[in-house]
Amino acid sequence: MIRKIVKFPDPMLQQPGEPVAEFDAELRQLVADMFETMYASQGIGLAAQQVGVCKRVTVIDLSQAKDPAQKLVIINPEIIFREGKQYEEEGCLSFPEIREKVVRAAKVRIRAQDENGKWFEMDGEDLLARAFQHEIDHLDGMLFIFRMSALKRDLNLRKIRKMQRDGVW
Ligand code: GNR
Ligand code: NI
């Protein structure tokens, strides 16, 4: 089932997610719905808060459904290693129309659980590292607009306010 994507400034987006303790049917349904919702919106990642669920669950698929081997379910993640810097453009499904460059680590290693509760570690660089950091930020209640320079943040906040006035946000 496709779920509705929560948009900024819904307070849900700035609330840290609760760690997942039960790897049950409800969790598997959430994960399935998150993939379906992400694909329907042409995203490469999605965090549970973006569908109104305050849990530390995220899905990533850089192939956008073209390669099943690239589907990642990442639960209760932490970044255990980071290296280097990259400064590239990001978007966020909770900020339609907004794209901006954000500073991130170039490489990260994460430790996380899969949908069965099994712990794994995974390295990512470039776009995958960016997706890991963007999604884990969501799980901590942190949004990419607060990673921009103050100038870019204010410009984008003003753009959002205008879209809200025009009824297109
Ligand atoms: O679809 C998305 N694209 C993207 C591009 C660069 C870095 C991160 C992302 S994630 C984003 C979808 C989203 O909002 N995930 O939370
Ligand atoms: Ni996002």
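Residues numbered from 1 in each chain as written. Chains lettered and ligands numbered in written order. Predicted model: local features only at pLDDT ≥ 70, side-chain atom pairs only at ≥ 80, totals over all residues. Heavy atoms only, no water.

### Observations regarding the layout of surface pockets
Part 1 of the argument: As a volume, the largest pocket reaches approximately 460 Å³.
Part 2 of the argument: Forming the walls of the largest pocket are 22 residues, and the residues nearest its centre are Ile-44, Glu-90, Gly-91, Cys-92 and Arg-99.
Part 3 of the argument: Of all the secondary-structure elements, those providing two or more residues to the lining of the largest pocket are strand S4 (86–91) and helix H2 (126–139).
Part 4 of the argument: In terms of residue class, the lining of the largest pocket is built from 8 nonpolar, 8 polar and 6 charged. (1 Å grid on protein atoms, 1.4 Å probe; cavity = no way out; pocket = protein on both sides within 12 Å on 5 of 7 lines; lining within 4 Å. Points joined across faces, edges and corners; volume = space filled by probe spheres on them. Helix = DSSP H or I, 4+ residues; strand = E, 2+ residues; numbered from the N terminus. Nonpolar A, V, L, I, M, F, W, Y, C, P; charged D, E, K, R; others polar.)

### Some words on the pattern of salt bridges
Part 1 of the argument: Summed over the entire model, instances satisfying the criterion amount to 12 salt bridges.
Part 2 of the argument: Close ionic contact of Lys-107 with Glu-83 constitutes a salt bridge, the shortest N to O distance being 4.0 Å. A residue pair is termed long-range when its members are at least 10 positions apart, and Lys-107 in strand S6 (residues 107–113) and Glu-83 in strand S3 (residues 72–83) qualify at 24 residues.
Part 3 of the argument: Classification of Lys-107 by relative accessible area gives partly exposed; the value is 36%.
Part 4 of the argument: Given a relative accessible area of 41%, Glu-83 falls into the partly exposed group.
Part 5 of the argument: The network of salt bridges with common partners includes Glu-90, Arg-104, Asp-137 and Arg-147. (Salt bridge = Lys/Arg side-chain N within 4 Å of Asp/Glu carboxyl O. Buried < 20%, exposed > 50% of the residue type's maximum accessible area, 1.4 Å probe, protein only.)

### Looking at the coordination of the nickel ion (ligand 2)
Part 1 of the argument: Within the first shell, the nickel ion (ligand 2) binds the protein through Cys-92 (SG), His-134 (NE2) and His-138 (NE2), at distances of 2.1 to 2.3 Å.
Part 2 of the argument: Within one chain, the residues donating to the nickel ion (ligand 2) are spaced in sequence as C-x41-H-x3-H. Here the residue His-134 and the residue His-138 both occupy positions in helix H2, the gap between them amounting to 4 residues, near one helical turn. Just as His-134 is buried, His-138 falls in that class too. (Donors = N, O, S within 2.8 Å, 3.2 Å for Na, K, Ca; no water.)

### Section: the environment of Lys-71
Part 1 of the argument: For Lys-71, the position within the fold is in the loop between strand S2 (57–60) and S3.
Part 2 of the argument: Take Lys-71: its relative accessible area is 41%, and that puts it in the partly exposed class.
Part 3 of the argument: Residues Lys-71 and Phe-95, 24 residues apart in the sequence, show an inter-C-alpha distance of 23 Å.
Part 4 of the argument: In contact with Lys-71, not counting residues within four places along its chain, are Phe-35, Tyr-39, Ile-60 and Asp-61. (Contact = heavy atoms within 4.5 Å.)

### What about the nonpolar core?
Part 1 of the argument: Ranked by size, the top nonpolar core spans 16 residues in total, and within it Leu-30, Met-34, Leu-46, Val-57 and Val-59 carry the most contacts.
Part 2 of the argument: Put simply, the parts of the chain that give this core at least two residues each are helix H1 (25–40), S2 and S3.
Part 3 of the argument: Per-element accounting of this core gives the leading share, 6 residues, to H1.
Part 4 of the argument: With residues near it in sequence (within four places) discarded, Met-34 still touches Leu-46, Ala-47, Ala-48, Val-51, Val-57, Thr-58 and Val-59.
Part 5 of the argument: Membership of the second largest hydrophobic core comes to 15 residues, among which are Phe-95, Phe-144, Leu-157 and Met-163. (Core = buried A, V, L, I, M, F, W, Y, C linked by side-chain atoms within 4.5 Å.)

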